[in-house]
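Take a look at the letters that make up each chain.
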Amino acid sequence: MSAKQLPSLRSLRVFQKVAEFENIRSAAEAVALSQPTVTQAIQKLEEQIGSPLFERSRNGTFLVDAGRILVPRIESMFDQMSGALDHFGVAERQTRSLHSILNRITVQQIRVLYAVATSFSFTDAANKLDISTVSVHRTARELEENLRKPVFTTVHKGIATTDAGFELARRLTLALREIEFAVEEIDTISGRRGGTLRLGCMPLSGSYLTGEVISDIENYFPEANIVVRIGGGPHLTEGLRTGQYDFIIGMNRYAQDFPDIQHQKLIASPFVIVSRQDHPLAKAAKVEMSDLANYRWVAPHPGAARRIVFDGLFEKMGKPPMSKLETNAFATTRSLISGNNWLTMMTQSEFEYERQFSEITTLNFPAIESDASLAIMSRAGSKATPLQQKFLQLICEHAEQYSEQRIAS
């Protein structure tokens, strides 16, 4: 379910009341709507969700399994939205005002806010949402009037969100994803083995693991859509925190600065020096530190976890390498290593995987121990969908197998 197809927040509030009172009439009185309006709202919601949510009888209106899945997800969504408004400063007023403001916020306002927060201008945001610029302006004004605090600011290119507005957009957008997750859970119990898994992978790390896991997961969720994006630490971390990704796989030092991201170590592996098999140093019985400085190197970009290890190596060497190319593209690294006398550094686990496809070898140089390890990152406190749970289970199992094989060898 895309954000554009999400049910209205009003219909979700109506659903909550029907679930609470188990009676259409009582729910209608609680939300100040007519009984036919409440009935129509529930019917439309069931169409959007794709499953019955209630069982109707003369004794009342009772939740079925799909409805019982939806209830905690909606509660989590509204709790997150209240927390977002609290963090934004709305709770500086009366608590009653917070609820009043929350009740006036719409899905469209959140979509516009996030589009502006991640765009260069209102026009750019309108193009992303496939609506008119006038509609973006109008919806943005409605939201700002509702919050009674500045959300947008003028910049040299037009209008953008304030820093507080960006954080509000991030939190509200994450809250809406609870409904998408609920739909995936409901689909699973209905026998539809689908859903969408969004993965962010760090360059040069994790591909050898995620590829195998993706192949395996299709046995359990054959209808799943799996999206994999490669990127650097800052970009992927922002994507995880805004809900663009469900997991990040790699050695992401940048993400350690955020308390809302949890890390689970997968593979702790030392670094080794790698070259092509017929490199002049490949047959040496022992490679000295001074030998390494006489060759060109393929190095990771500054800021990468492995770059810290790389720089530490050459600090001990006392002089920089002859020259180096900085890249996070493994295809470029593989090409340079295979066809020239370049050297590079990779983890032992990465080497063991890559040597299946390239004529590469490790030099007789002591393995370089490091605190950096391949990890999987997710949003702290987020309840995983069945698809996400299966992916997490499989990647941990594969990582354990890799570790056992490395120890055995």
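1. Things to note about the pairing of strand β12 (residues 343-347)
Along β12, 5 of the 5 residues are buried, which leaves the element largely enclosed by surrounding structure. Burial of β12 is two-sided: the residues Leu 343, Met 345 and Thr 347 facing one way and the residues Thr 344 and Met 346 facing the other way are all buried. Here 4 bridges tie strand β9 (residues 271-276) to β12, and the two strands are oriented antiparallel to one another. Across the sheet, the residue bridging to Val 274 is Thr 344, located in β12.

2. Structural notes on the confidence of the model for the chain
The predicted model of the chain has a mean per-residue pLDDT of 88, with 95% of residues at 70 or higher. Mean pLDDT values over the elements of the chain span from 76, in helix α5 (residues 95-104), up to 96, in helix α1 (residues 9-21).

3. A word on the packing of aromatic side chains
Note on aromatic pairs: each is described by the distance of the centres and the angle between the planes. For the structure shown, the criterion picks out 6 aromatic pairs. Geometrically, the ring pair formed by Phe 122 and Phe 152 is edge-to-face, given 5.7 Å between the ring centres and 80 degrees between the ring planes. With Phe 122 in helix α7 (residues 122-129) and Phe 152 in strand β3 (residues 152-155), this residue pair connects regions lying 30 residues apart in the sequence. With centroids separated by 4.9 Å and ring planes inclined at 50 degrees, the aromatic side chains of Phe 310 and Phe 314 adopt a geometry described as tilted. Residue Phe 310 and its partner Phe 314 are both found in helix α13 (residues 305-317); the two are separated by 4 residues, about one turn of the helix. The same class applies to Phe 310 as to Phe 314, namely buried.

4. A closer look at the sheet that holds strand β7 (residues 247-250)
Strand order in the open sheet made by the 5 strands is β6-β5-β7-β14-β8, with mixed pairing throughout. The open sheet has two edge strands with one neighbour each: β6 (225-230) and β8 (261-267). Each strand axis lies, on average, 20 degrees off the axis of its neighbour in the sheet, ignoring direction. Across 3 bridges, β7 lies against strand β14 (residues 374-379) in antiparallel orientation. Counterpart to Ile 249 in the pairing with β14 is Ile 376. Across the sheet, helix α11 (residues 233-241) touches β5 (196-201), β6, β7, β8 and β14, and the angle it forms with β7 is around 155 degrees.

5. So, the environment of Pro 386
Structurally, Pro 386 can be placed in helix α16 (residues 386-408). Of the residues examined, Pro 386 reaches a relative accessible area of 22% and is grouped as partly exposed. Excluding its chain neighbours within four sequence positions, the residues that come into contact with Pro 386 are Glu 185, Thr 188 and Phe 221.

6. Things to note about the nonpolar core
Core analysis: the largest hydrophobic core is formed by 59 residues, its most contacted members being Met 77, Met 81, Leu 85, Ile 105 and Leu 147. Core analysis: the next-biggest nonpolar cluster, separate from the first, contains 23 residues, Cys 201, Val 213, Ile 267 and Ile 395 among them.

7. Considerations on the pairing of strand β2 (residues 60-63)
Walk down a regular strand and you will see the side chains alternate between the two sheet faces. Sheet topology note: the strand β1 (residues 54-57)/β2 ladder contains 4 bridges and is antiparallel. Considered in β2, the bridge of Arg 56 is made with Thr 61. Between β1 and β2, which pair antiparallel and follow one another directly, the connecting turn spans 2 residues.

8. Thoughts on empty space enclosed by the protein
This model, assessed by the stated rule, comprises 3 cavities of 30 Å³ or more. The computed volume of the second largest cavity comes to approximately 50 Å³. If you trace the second largest cavity, you find it lined by Val 274, Phe 330, Thr 333, Arg 334, Ile 337, Ser 338, Thr 344, Met 346, Glu 354, Ser 358 and Ile 360. If you list the elements that add at least two residues to the lining of the second largest cavity, you get α14 (330-339) and β12. Considering every element that reaches the lining of the second largest cavity, the biggest residue donor is α14, with 5 residues. Class assignment of the residues belonging to the lining of the second largest cavity gives a composition of 5 nonpolar, 4 polar and 2 charged.

Rules of the game
- Residues numbered from 1 in each chain as written.
- Predicted model: local features only at pLDDT ≥ 70, side-chain atom pairs only at ≥ 80, totals over all residues.
- Heavy atoms only, no water.
- Buried < 20%, exposed > 50% of the residue type's maximum accessible area, 1.4 Å probe, protein only.
- Helix = DSSP H or I, 4+ residues; strand = E, 2+ residues; numbered from the N terminus.
- Pairing = 2+ DSSP bridges.
- pLDDT = per-residue confidence, 0-100.
- Phe/Tyr/Trp six-rings, centres within 6.5 Å; stacked < 30°, edge-to-face > 60°.
- Axes fitted to C-alpha atoms, helices over the stretch in contact; angles between N-to-C directions.
- Contact = heavy atoms within 4.5 Å.
- Core = buried A, V, L, I, M, F, W, Y, C linked by side-chain atoms within 4.5 Å.
- 1 Å grid on protein atoms, 1.4 Å probe; cavity = no way out; pocket = protein on both sides within 12 Å on 5 of 7 lines; lining within 4 Å.
- Points joined across faces, edges and corners; volume = space filled by probe spheres on them.
- Nonpolar A, V, L, I, M, F, W, Y, C, P; charged D, E, K, R; others polar.

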